[in-house]
Amino acid sequence: MLLYQHPERSWSAESVARELRISPMSAGDRLKDMTRSSILSKVPGTEGEYRYTPDPQMGEAVAGLAAAYSERRVTVINLIFSKPVDKIRTFADAFRLRRDDDDDNG
């Protein structure tokens, strides 16, 4: 969200770490992950600086996440920190077909 809110700015792992109060190593890892996911791109001619430049599909997804976060912050945070198995189970349960009690009798 930080880079999304400041698309005109270039960010290094150190500048992100300072803003978010996290380790530069963790920030650098996240910047690389987001580059692989087509959310960021490395700034040419710099040493490890990135800018928010998503492809259209990722840009829509990030904008949707930003809107959801502003409206339902706690829900989004809980989803982010929930266990992957819980997410998969919840999704699968939405499609589970349940038999009625009458189906057992005949």
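Everything numeric here is computed off the predicted structure, so don't read it as measured data.

Conventions used here
Residues numbered from 1 in each chain as written. Predicted model: local features only at pLDDT ≥ 70, side-chain atom pairs only at ≥ 80, totals over all residues. Heavy atoms only, no water. Helix = DSSP H or I, 4+ residues; strand = E, 2+ residues; numbered from the N terminus. Buried < 20%, exposed > 50% of the residue type's maximum accessible area, 1.4 Å probe, protein only. Contact = heavy atoms within 4.5 Å. Pairing = 2+ DSSP bridges. Phe/Tyr/Trp six-rings, centres within 6.5 Å; stacked < 30°, edge-to-face > 60°. Axes fitted to C-alpha atoms, helices over the stretch in contact; angles between N-to-C directions. Parallel < 35°, antiparallel > 145°, perpendicular 65-115°, else oblique. Nonpolar A, V, L, I, M, F, W, Y, C, P; charged D, E, K, R; others polar. Salt bridge = Lys/Arg side-chain N within 4 Å of Asp/Glu carboxyl O.

(A) Up close: the overall build of the protein. Within the protein, the regular secondary structure consists of six helices and three strands. Listing the helices and strands of the protein from first to last along the sequence gives α-β-α-α-β-β-α-α-α. Burial statistics for the protein: of 106 residues in total, 19% are counted as buried. Intrachain contacts of the protein at a sequence separation of at least 6 include 30% that bridge at least 24 residues.

(B) Broad picture of the sheet that holds strand β3 (residues 49-52). Read from one edge of the open sheet, three strands run β1-β3-β2, paired in antiparallel fashion. The outermost strands of the open sheet, each flanked by one partner alone, are β1 (11-12) and β2 (40-42). As judged from the three bridges shared by β2 and β3, these two strands associate in the antiparallel manner. By the bridge assignment for β3, Lys42 is matched with Tyr50.

(C) The arrangement of the pairing of β3 in detail. Here β3 shows a clear split, with Tyr50 and Tyr52 buried on one side and none of Glu49 and Arg51 buried on the other. Sheet topology places β1 next to β3; two bridges connect them, and they run antiparallel. Counterpart to Trp11 in the pairing with β3 is Tyr50. Two successive antiparallel strands, β2 and β3, enclose a turn made up of six residues, where Gly45 displays a positive phi of approximately 80°.

(D) Summary view of the packing of aromatic side chains. In total, this model carries one aromatic pair according to the counting rule given. Between Tyr4 and Tyr52, the ring centres sit 5.6 Å apart and the planes meet at 90°, which makes this aromatic pair edge-to-face. Of this pair, Tyr4 sits in helix α1 (residues 2-5) while Tyr52 sits in strand β3, and the two are 48 residues apart along the sequence. You can call Tyr4 partly exposed: its relative accessible area is 30%. Owing to a relative accessible area of 12%, Tyr52 belongs among the buried residues under this scheme.

(E) Here's a closer look at the packing of helix α4 (residues 56-71) against helix α5 (residues 73-81). It is the contact of α4 with α5, at a shortest axis distance of 5 Å, that shows an interaxial angle of 120°. Taken as axis vectors, α4 and α5 run oblique relative to one another. Contacts from Leu65, Ala68, Tyr69 and Glu71 of α4 reach α5 at Arg73, Val76 and Ile77. Classifying every residue of the contact of α4 with α5 gives five nonpolar, no polar and two charged.

(F) The pattern of salt bridges, seen in detail. Under the defined criterion, the tally for this structure stands at two salt bridges. Across the pair Arg30 and Asp33 runs a salt bridge whose closest N-O atoms are separated by 3.4 Å. Separated by three residues within a single helix, Arg30 and Asp33 lie in helix α3 (residues 24-36), roughly one turn from each other. Residues Arg36 and Asp33 are paired through a salt bridge, measuring 2.5 Å at the closest nitrogen-oxygen approach. Of this pair, Arg36 and Asp33 both sit in helix α3, separated by three residues, roughly a single helical turn. One salt-bridge network, in which partners are shared between bridges, spans Arg30, Asp33 and Arg36.

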